[in-house]
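Notes for the structure review
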Amino acid sequence: MLDLTKLAGQMQGLSEHLSSEVAESNRRLELAKDYLKQAFARQQELIETQEKWRDCLLFANATPIEPLETCIDIPIPPKVHTVISTDGSQIAPNHHEIAYCYLLNIGRVVLHYGQNRHPLLDSLPEVFYRPEDLYISRQWGLRTEEWMSHRRTASEITVLAELACSVKTEAPALAMVDGSLIYWFLDQLPMDARDRILPPILEAWQKLRQAEIPIMGYLSAARNIEATNFLRLLACPHSQPNCINHCPDQLDYVPCKKFDTLRDTTLWTTQLKPGQRGSLWRSNNRILQLYEDQTIYFCYVHVGTEIARIEVPMWVANDAKMLDQALGLMLAQVQKGYGYPVAIAEAHNQAVVRGGDRNHFFALLEREMIKAGIKNVGTSYKEARKRGSIA
């Protein structure tokens, strides 16, 4: 149990720390706004510098594709349209349970608007129990739980593409997922492991491209700093932004980190009005070199309740009509969901595995094991004791 009496004594120190952090954050924000105004006039110069020295830059940064001062009103979407979304959840493998296995559950949602059609709200569960599923990740030094999470990411996208392409509708459609389309974790994976995750995802995106259904990643409370880091090119005190020579250790003091930890969303809160999007950016993350012609672009949108980061593949970003329509459908979803896209929220609700679901899963598994003639079926003594107290 949490001892609230002992915890209360630490709250004052925490509140004082947070107060000082707020003051420092406001200082960084004002400084970043000044640098952004300077960048308006020097944008092309900064892009050329970025391109010339990109191999020497040791911090994540993105390239603006439109003027930095861009503030575009998102168009009203058509009344007749369809939104598709998937999300995933899992039951992790546990040696203390009655069997060592794991389960992935992919929630599926199709919402039709203005078409007098029933929505689809369901989930697709899959159990993994074969040795090649449970232990394949050990050859790459990955824990089974970690590999399970990567498998889930790929499953969410492949199920999304299959679902979207199977929906028969002449209306405009949008495929949405919760989170980033830039899979940062791939950069840490060995090539063999990466080849089991990324190709199915890119193939699924290609199917959506052929079906002319845009895919979009929606990031709420995004912590990204790629756009703000573009301003570090302006803040660099050296004649050349050669981080390798001038600032090889980015963990030490770096003079261009004048607004370090300031999020993109915080800066763009000062630039956008509700219903507007900012400039389009191309991410330069190293892992995107593997995406071929489906590299990721993003923009920030004031959805009314927050500044959301919206990510799309290049083929969506390059089609102005498709992008505008997709953003309109996204904003309508946020409004219908009272601040968060309703399709993504419902996909999560369909996917989540609650405590009762977990108990039913293992009860079903226990019944099948007994039916198969397996004796001494049950959890470990440790797991049994954790589920109750005798004190």
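An unreviewed UniProt entry lists the protein chain under the name DNA double-strand break repair nuclease NurA, from Okeanomitos corallinicola TIOX110.

Attention shifts here to the side chain of Q43. On the secondary structure map, Q43 appears in helix α1 (residues 4-53). Classification of Q43 as buried rests on a relative accessible area of 11%. Each residue touching Q43, except ones within four places of it in the same chain, is listed here: P64, E66, P67, L68, E69 and F230.

A separate point is the pattern of salt bridges. Evaluated as defined, the whole model comprises 14 salt bridges. Between E24 and R27 there is a salt bridge, with the nearest N and O atoms lying 2.6 Å from each other. Remark: R27 and E24 occur in helix α1; sequence separation between them is three residues, near one turn of the helix. For R27, a relative accessible area of 42% corresponds to the partly exposed category. Of the charged contacts in the structure, one is a salt bridge between D122 and R108, with a shortest N-O distance of 2.8 Å. Highlighted residues: D122 in strand β5 (residues 120-128) and R108 in strand β4 (residues 102-113), separated in sequence by 14 residues. Judged by its relative accessible area of 22%, D122 falls in the partly exposed class.

With that settled, consider the environment of G217. Checked against the element boundaries, G217 lands in strand β7 (residues 215-219). For the pair formed by G217 and A41, sequence separation is 176 residues and the distance between their alpha carbons is 31 Å. The residues touching G217, leaving out its near neighbours within four places in the chain, are V177, G179, L181, R309, I310 and E311.

Summarising burial for strand β6 (residues 173-178): five of the six residues are buried, a large majority. Sheet analysis places β6 next to β7, joined by four bridges and oriented parallel. Its bridge partner being in β7, M176 is matched across the sheet by M216.

Judged by how many residues are buried, β7 sits mostly within the fold: five of five residues are covered. Side chains I215, G217 and L219 of β7 all project onto a buried face; the interleaved residues M216 and Y218 project onto the opposite face, where all are buried too. Here three bridges tie β7 to strand β11 (residues 307-313), and the two strands are oriented antiparallel to one another. Following the sheet pairing, L219 is matched in β11 by R309.

In this section: the environment of N318. With respect to the element layout, N318 can be found in the loop between α10 (314-317) and α11 (320-336). Residue N318 is classed as exposed on the basis of its relative accessible area of 57%. Considered as a pair, N318 and Y297 are 21 residues apart in the sequence and their alpha carbons are 9.5 Å apart.

Cut-offs used in this document
Residues numbered from 1 in each chain as written. Predicted model: local features only at pLDDT ≥ 70, side-chain atom pairs only at ≥ 80, totals over all residues. Heavy atoms only, no water. Helix = DSSP H or I, 4+ residues; strand = E, 2+ residues; numbered from the N terminus. Buried < 20%, exposed > 50% of the residue type's maximum accessible area, 1.4 Å probe, protein only. Contact = heavy atoms within 4.5 Å. Salt bridge = Lys/Arg side-chain N within 4 Å of Asp/Glu carboxyl O. Pairing = 2+ DSSP bridges.

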